[in-house]
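Descriptive analysis of the structure
Okay, here's what each chain looks like letter by letter:
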Amino acid sequence: MQPKAEIMEHQRLRFALFGNIYQAKKSASIQKVLTCIANYGADLYVDKEYYDFLRDDQHLDVNATKIIKDDDFQADFVISMGGDGTFLKSASRVGKKNIPILGVNMGRLGFLADISPDDIERCLEALHNDDFAIESRALIQVEADGKPLGECNFALNDVAILKRDSASMISIRANVNSQYLNTYQADGLVISTPTGSTAYSLSNGGPIIVPGTKVFSMTAVAPHSLNVRPIVLPDSSVIELDVESRSHHFLVAIDGRSEKCKEGTKITLRRAPYDIKVVKRSDHRYFNTLREKMTWGVDTR
């Protein structure tokens with residue numbers, strides 16, 4: 001955790017609100033958040049898609065100062081209403097704006113969205129009292145043949161090189177800092193940040209990496225050889241991947257957003273030139289969340 005930045009330059013705080021439009025029957029929790037923001041006299045900017053959902057589907061009266069229709073916005077804080085997936089989408093909208101993101105979890109406890117709606121009033125009070133911390137989370141920048149891949153070529157969680165549909169396994173030649181590492185015969189390869197180490201990477205046997213650790217991990221998906229094991233690399237590394245596939249195509253999933261690539265496309269991964277800022281309560285304890293999500297200690301035998 002790094003020291004808090006000097007964020008409150010305005011008397012009226014500005015909150016940009018993004019959310020999951022597929023979560024029905026959450027109107028009571030959403031209303032609690034909206035009421036808290038209004039009670040503090042803050043300016044509220046709402047993503048248009050989410051605003052339409054709140055108004056037309058949830059039938060809520062949203063007192064928005066401004067409707068956000070694109071990525072051209074500024075705010076003191078972003079509030080992400082949903083789960084970790086919604087947080088990732090919010091982070092892609094924030095990009096390099098350096099706006100801290102507060103994740104409000106509308107379902108089960110998440111690693112990124114770890115604030116419950118019941119705690120939102122206490123959290124907003126903490127923001128106004130400057131009683132919070134900000135964590136910097138590294139991103140992976142993705143290039144295809146030296147050019148940005150897709151509309152948003154930055155991953156907060158992971159980048160996955162995957163076979164297409166029911167195609168046979170693919171061959172992925174990996175070089176790190178221009179040195180040959182290995183050729184993976186597998187269904188795919190996951191390159192993860194510490195933030196994403198508890199997501200897709202973990203489900204494929206990758207290591208849990210504590211946030212703030214300056215490393216990336218590489219984990220094969222269903223490798224052909226049992227000798228293949230995950231590897232952890234300094235996040236200063238430049239990773240180059242060349243893929244061969246019988247279908248002559250493969251997929252690159254950037255935080256779950258898939259891009260189709262032709263065989264022969266060189267994929268280059270490196271740490272992005274900016275980080276994503278995550279708002280955490282001053283009493284937040286990562287290992288408490290980790291134990292709960294992993295259900296460690298549930299079996300008391």
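Just so we're clear, the structure is a prediction, and the values are computed from it rather than from any experiment. (Residues numbered from 1 in each chain as written. Predicted model: local features only at pLDDT ≥ 70, side-chain atom pairs only at ≥ 80, totals over all residues. Heavy atoms only, no water.)

Details of the pairing of strand β14 (residues 215-221)
Taken across its seven residues, β14 has seven buried, putting it largely inside the fold. Residues V215, S217, T219 and V221 point to one face of β14 and F216, M218 and A220 to the other, with burial holding for every one of them. Bridge count for strand β13 (residues 188-192) against β14 is five bridges, and the pairing is antiparallel. Bridge pairing in β14 links L189 to A220. As paired strands, β14 and strand β15 (residues 231-234) are joined by four bridges and run antiparallel to one another. (Buried < 20%, exposed > 50% of the residue type's maximum accessible area, 1.4 Å probe, protein only. Helix = DSSP H or I, 4+ residues; strand = E, 2+ residues; numbered from the N terminus. Pairing = 2+ DSSP bridges.)

Here's the deal with the confidence of the model for the protein
Averaged over every residue, the pLDDT of the protein is 91; residues scoring 70 or more account for 95%. Low pLDDT, under 50, characterises residues 1-10; the stretch is placed with 23 contacts to residues that sit more than four places away or in other chains. (pLDDT = per-residue confidence, 0-100. Contact = heavy atoms within 4.5 Å.)

Quick notes on the sheet that holds β13
The six strands are arranged β15-β14-β13-β10-β17-β18 in an open sheet whose pairing can be described as antiparallel. A single partner strand is all that each edge strand has here, and the edge strands are β15 and β18 (257-262). The sheet shows a mean angle of 20 degrees between the axes of neighbouring strands, direction not considered. (Axes fitted to C-alpha atoms, helices over the stretch in contact; angles between N-to-C directions.)

A look at the packing of aromatic side chains
Counted according to the given criterion, the structure contains seven aromatic pairs. With a centroid separation of 6.2 Å and an interplanar angle of 40 degrees, the aromatic rings of F111 and Y286 are classed as tilted. Of this pair, F111 sits in the loop between β5 (101-105) and α4 (120-128) while Y286 sits in helix α6 (residues 286-294), and the two are 175 residues apart along the sequence. Accessibility assignment for this pair places F111 and Y286 in one class, buried. Ring geometry for Y286 against F287: centres 5.6 Å apart, planes inclined by 70 degrees, an arrangement best described as edge-to-face. Under the relative-accessibility criterion, Y286 is labelled buried at 16%. Taken together through their ring pairs, the aromatic side chains of F15, F77 and F132 make up a single cluster. The ring of Y45 carries K66 above its face, with NZ or CZ at 5.9 Å from the centroid. (Phe/Tyr/Trp six-rings, centres within 6.5 Å; stacked < 30°, edge-to-face > 60°. Lys NZ or Arg CZ within 6 Å of the ring centre and 35° of its normal.)

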